[in-house]
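# Structural characterization, general
Here is what each chain is made of, one letter per residue.
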Amino acid sequence: MGIAERDIGLYEASAAATRLTLKPSLKSGALNSAWAQLERCLLPSVKANRTAVGVAVAQRVVTVQEGPLIRTEGSHVTIWCNVTGYKEGVEQDFEWSVYLPSVPDREIRIVSTAQPNYAYAIYAQRVNGKEIYVERLSGDSAVLHITKAQAKDQGLFECYTPNTDGRYLGSYSARTNLTVVADSLTVTAPAQTLSKVEGDTLQLTCEVSRTTVQHTHLSVGWYLRSPEDATASPQELVTLSRDFVLRSGGPYRQRMAAGDLRLDKTSATSYRLTIHKLQPVDQGLLYCQAAEWIQDTDGSWFAMTRKQSDKTQLRIQPTDRDFSIQVSTERRSFTAGESLELRCAIEAQNVPERFFSVSWVFSSSPVAVVGPSAVPLLGPDYVAREAAGQMTVRKEGPNVHLLKLQHLHPEDAGKYICRVTEREKTPTGDFIDRSKRSRNVQITVQPLKSNITVALSSNSSEVLEGDVIQLTCFVHAATGPLSATWLWTDKQATGPAQEVASVDRDGTVWHSPHYSERASYGEIRVEKVRGDAFTLSLYNALPGDEGQYRCTVTEWLQTGAGLELNWEKIGEKSATKAAAVKTVESSFMVSASSRTPSINFGDSFDLLCLVKPRHNPRVPASVTWRFMPAGTGADGTEQGGFKELVTFTREGTLQWGETLLGLGTRTTVDRSHSNTNFRLSVTRAGRREAGKYQCTAILWRKNHDSSWSRVANRTSNLLGISVLQPESKLRVQKTNQSQVYLENSRVRINCSISSQTSQDSQHAVLWYVRRAAGSETDELLLRIERSGAFEYGAYADEERLRRRVQAERLSPRLYVLTLNKAESSDSGTYYCLVEEWLRDPDGDWYRLSRDSSGFTQVLVRQPEVRLQVEELDSNVTVEESDAIQLGCSIPSQSSRDSRFSVSWYVEHEDDEDQLDEEGRKRECVFSIGHDAVFGNGNCSPREGVGPNSRLQFGRMTSDQYSLTIQGARPTDAGRYYCHVEEWLLNPRNAWYRLTTNNSGVTTVNVVQQESTIQSVVCSNTSLFYFIFFYPFPIFGILLIAVLIVRYKSRSHSKSQEGKNGAPLLWIKEPHLSYSPTCLDPPALSLHPGSVD
């Protein structure tokens, strides 16, 4: 990476951190100003550097409408803002702020698309009142709207788009300057009402001025608004555009081209409208409208403000008062029974403001008169006809009147005229009438002659029983009212025809007695669907309805009027159609199918019951799913083994049986819209859903009295569904291994499950041990249920393993067996047996499979013998009565927890009766057991331990022992050695001897001394006490007696000697000193000062 590219990355990171820190939370004016300047200064260089190093990265670019924008107070200001170069698919937000000229470094928030409470207080009220808002044009474009610009809105507007790309690259804001100037445009024209005559000339003047300092253009135009419709858009007459181009509205272009419409600028502020040859269409409200335009920096023009002048009411009096009459009709030759329509049109100017009366005349006889109020007055011969609805007189429009005669008679043939009279008021106040009549309209009416034809059609030539037989009788070329009669005969048409029903000419329906009961239940319906079509519908068709149906149509003509009204039959025609009814029993069948006859636990299966023919509401079928669980005996299963699951009743409801598959929660049923497919779906199937399925269908017929009759019963084939356990994927790691442990250590054996059938599988783990290598008997040590419960085997009780064995589940697939304080008896072959359990859809647990692990050979042995006793031989010679020092050093031991039993032996060579194998006498001198009890070693010493014992035992450290024999005797001479036994505590807290070892031999020689007085005295205890101990008590008694005598004599002579001051003689207790040894006799000595 080059230097420039690294600088770019550093700037992007710092820019991202700075933007994230400053913009959202500390968006003060000073900080944002500094940030904006930083962006403007650094981003172009970053872009240049990135281009220099050849890195192509999309940069965000924010553009805003170029300024300065000059707008007037009160005008609607819009400023657009777009953003490009961002990551696609992310909608951009826009935040608008302003920097006022008074505080150019302080940002004032206005409105945001992301934050509802973004505005500062100065703009909050206007934003909440929708006076200022942002209109989003697209995901990356928006427009700021200020509906009423104020002078304080002038300033530098900034559009900022928050970053959505995860890093900063490009520009994120843009600014434009808005200048708000005063609205100085004025448009004035006098409000007046003018009355003109058609053809006159009209001149109106409008004063338009402004005092804007900036360079602006004006556009001035005149408009016409209709006084009748205030909501209609005004009509443009003529406009002088900002480019000084004169244009006119569509209807006035021709008049402007002819010079009849002009707009002249008579002075710097005056604009004059001139209309020559006024027309009635010029009547209305005239006003002047001016707009002040300014050109933005992008070259576009913007209308800063628009204003209208007061309106001038213009009325125009037409000069042409003449009118003409025109009577029209579609044709003049009719047939009796048809309708005649005559229209009288008045052609004149300004018809709605004039008063016309219209009279209809037939062969010099008045038919009707319609006055200006549009209320008709009928002639005496037409009152009854109008009351019967056979005559209509009305005003269709301001200048069109209608006369309509229905059901023409031959007597209606003749001449018809329309007479129009206008009443006008003269300037003197008098009324004058001017009348005109139309030309004669000759009408001919031919007598009626029936030319009808009848065609009969049916919905099907063969219908299924219970369906509908629908016959339609079409009549063509009918001119008068029609009546119809429906007849039925058998298929061979050998029997008499039976009337089914009839329809009168006025639409009244009559049923024959034979069909009246079925008609009362709605099974027979006769209709006149229109004037020339009749239908016969037989619902719930029965086999007896099969046969020939005939439709007979009669055409009628009405003659006379009022009380003399009569009907005349003018024609009759018939048509026949055969209808066949197919019984449902002949095609009724039921079949069952399944795509998955064998599934696994937890899978789903669908059973489909197909019922033919298609569903008929009048002959419905009830369908029942039946089920026989697997394992039911084959004999009699069809009679008693099947149980009903669910029934689709003939009414369309569901009725569940007592046996619910999947406890009713995993079983769904549905049927097709045509009620031919009935599906039974079972999800998460289990053992209970295995078995045989069958569907039965019963066909029902609904009688006309709403009762039901069973028509047929069908049973489908058997469907066998097998629900199998899923294939097991249980695999236990089968690695064989051997492990060696010392006694009292911890034995850990792993049982790892490498794969399982399902994530929901649970496991039961059984731990087994095989004691002997060739033994085929595996003892159950421990069982861990899938619920986590423990169950010890008999082997654990026999070997007292309950307190030492520990089973753990480190993870769902890892189990560990731990033997604490292992013993040598724990040696054997260990393995685990894993049972995989799954829950079936019914919630019951079942064992899917079992798998065993590899064998772990465990050997628990005692510690390695490492006992060493110093074996260095030595010779020691002591004089008789000296001390014999014997040592025993253990430089190495098998375990740091070992304890030792130490015994000293001596071998003599002078006693041949107790010689050992080497010819030496072996005698136990001293022993101490591993429990630190004297004499509790492996031998019993000859001399007991006590205060008078010559033996002195010492243990300087755990591996240094010593034995001292005081007062050596010649008999103590011999070969000494120590015998060491190493003891350990087994896991059952019992001590056992691990090993023994002997030290080297220490040969002791005792040198005897010659007999002297000192040796004789010291060797004889009685003599020793007699010489050195008994004299002292005797001497003490004598001394005390002397002192007592002395004291008494002194007390007697005290009065004589004491008074003379003679000193008293005091003899202190003599100081006795003796040697602690028996070599020197005790000495009595008097030390200086002992006698005062």
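Residues numbered from 1 in each chain as written. Predicted model: local features only at pLDDT ≥ 70, side-chain atom pairs only at ≥ 80, totals over all residues. Heavy atoms only, no water.

## Examining the environment of T659
Going by this rule: Runs of H or I in DSSP of at least four residues are treated as helices and runs of E of at least two as strands, each being numbered from the N terminus. Contacts are assigned to residue pairs with any non-hydrogen atoms lying within 4.5 Å of each other.
With respect to the element layout, T659 can be found in the loop between β47 (654–656) and β48 (667–671). Expressed as a C-alpha distance, the spacing of T659 and F627, which sit 32 residues apart in the sequence, is 8.5 Å. Filtering out sequence-adjacent residues up to four positions away, T659 remains in contact with F627, K643, E644 and L645.

## Observations concerning the nonpolar core
Applicable threshold: Definition of nonpolar core: a set of buried residues of the types Ala, Val, Leu, Ile, Met, Phe, Trp, Tyr and Cys, connected through side-chain atoms within 4.5 Å. In this scheme, a residue with accessible area under 20% of its type's maximum is buried, one over 50% is exposed, and one in between is partly exposed, where area comes from a 1.4 Å probe on protein chains only.
Of all hydrophobic cores here, the largest spans 37 residues; its most connected members are F605, L607, C609, V611, W625, Y693 and L699. Counting 32 residues, the second-largest nonpolar core is a separate cluster that includes F334, L340, Y382 and L403.

## Observations regarding the packing of aromatic side chains
Note the threshold: Ring pairs shown here join Phe, Tyr and Trp side chains whose ring centres sit within 6.5 Å, with only the six-membered ring taken for Trp; geometry is labelled stacked below 30 degrees between planes, edge-to-face above 60, and tilted in between. Charge-over-ring placement is defined geometrically: NZ (Lys) or CZ (Arg) within 6 Å of the ring centre, and within 35 degrees of the ring normal.
Tallied over the full model, the rule gives 17 aromatic pairs. By the ring-pair criterion, three or more aromatic residues cluster together here, those being W904, F926, F934, F953 and Y961. If you follow K436 out to its NZ or CZ, it ends over the ring of F323, 5.1 Å from the centre. The side chain of R505 reaches across the aromatic face of W556, ending 4.7 Å from its centre.

## Side note on the sheet that holds strand β4 (residues 95–99)
What counts, and what does not: Strand pairing requires that DSSP identify at least two bridges connecting the strands. In this analysis, axes come from line fits to C-alpha atoms, helices being fitted only over the stretch in contact, and the angle between any two N-to-C directions falls in the range 0 to 180 degrees.
Reading across the sheet, the 5 strands line up as β2-β9-β8-β4-β5 and stay open at both edges, with mixed pairing between neighbours. Both edges of this open sheet fall to β2 (69–72) and β5 (108–112), since each of them pairs with a single strand only. Taken pair by pair, the neighbouring strands of this sheet meet at an average axis angle of 30°, ignoring direction. For β4 and β5, the ladder comprises 4 bridges, and the chain directions are antiparallel. Counted as the bridge partner of E95 is S112 from β5.

## Brief notes about the state of the cysteines
Definition in use: For this text, the term disulfide refers to a pair of cysteine sulfurs within 2.5 Å.
If you walk through the whole model with that rule in mind, you get 8 disulfides. Between the sulfur atoms of C81 and its disulfide mate C159 the distance is 2.1 Å. Since a negative S-S torsion denotes a left-handed disulfide, the C81-C159 link at about -85° is left-handed. In this pair, C81 is assigned in strand β3 (residues 77–84) and C159 in strand β8 (residues 155–160), connecting sequence segments 78 residues apart. C159 matches C81 in its accessibility class, with the two residues each being buried. Paired through a disulfide, C473 and C551 show a sulfur-sulfur distance of 2.2 Å. Note on the C473 and C551 pair: the S-S dihedral is about -90°, so by sign convention the disulfide is left-handed. Of the two residues, C473 sits in strand β34 (residues 469–476) while C551 sits in strand β40 (residues 547–559), which places them 78 residues apart along the sequence. The same class applies to C473 as to C551, namely buried.

## Things to note about helix α3 (residues 121–128)
To be explicit about the condition: Taking the helix axis as origin, the arc is that swept by the directions to the C-beta atoms.
Along α3, the residues classified as buried are Y123, R126 and V127. Burial along α3 is one-sided: seen end-on, the buried residues are contained in an arc of 100°. Away from its buried face by more than 90 degrees, α3 exposes A121, Q125 and N128. Contact partners of the buried residues in α3: β4, β5, β6 (132–138) and β7 (141–146). In the stretch just after α3, K130 is the one whose phi turns positive, near 60°.

## Some words on the sheet that holds strand β36 (residues 498–503)
The 6 strands are arranged β33-β41-β40-β35-β36-β37 in an open sheet whose pairing can be described as mixed. With partners counted over all chains shown, the strands left at the sheet margins are β33 (462–464) and β37 (509–511), one partner each. On average, adjacent strands in this sheet sit at an angle of 25° to one another, irrespective of strand direction. In the sheet, β40 pairs with strand β41 (residues 566–582) via 13 bridges, with the strands oriented antiparallel. What sits directly across from Q548, in β41, is A578.

## Some remarks on the pairing of strand β25 (residues 365–370)
Regular strands place their side chains on alternate faces of the sheet. Bridge analysis of strand β24 (residues 355–362) against β25 gives 5 bridges, and the strand direction is antiparallel. Along β25, the bridge assignment pairs W360 with A368. Once β24 ends, the chain turns through 2 residues before running back antiparallel as β25, passing S363 with a positive phi of about 50°. Relative to strand β26 (residues 376–378), β25 runs antiparallel, the two sharing 3 bridges. The residue bridging V369 from the neighbouring strand is L377, located in β26. Between β25 and the antiparallel strand that follows it, β26, lie 5 residues; A374 among them carries a positive phi value of about 70°.

## Let's talk about helix α6 (residues 513–520)
Note: α-helices contain 3.6 residues per turn, so residues at a spacing of three or four share the same orientation. Those residues of α6 that sit buried are Y515, R518 and A519. Looking straight down α6, one finds that the buried residues subtend no more than 100° of arc, so they occupy a single side. Across α6 from its buried face, at more than 90 degrees, point the exposed residues P513 and S520. Where α6 is buried, its residues contact β35 (482–489), β36, β37 and β38 (524–530). Once α6 finishes, G522 follows within two positions and takes phi at roughly 85°, a positive value.

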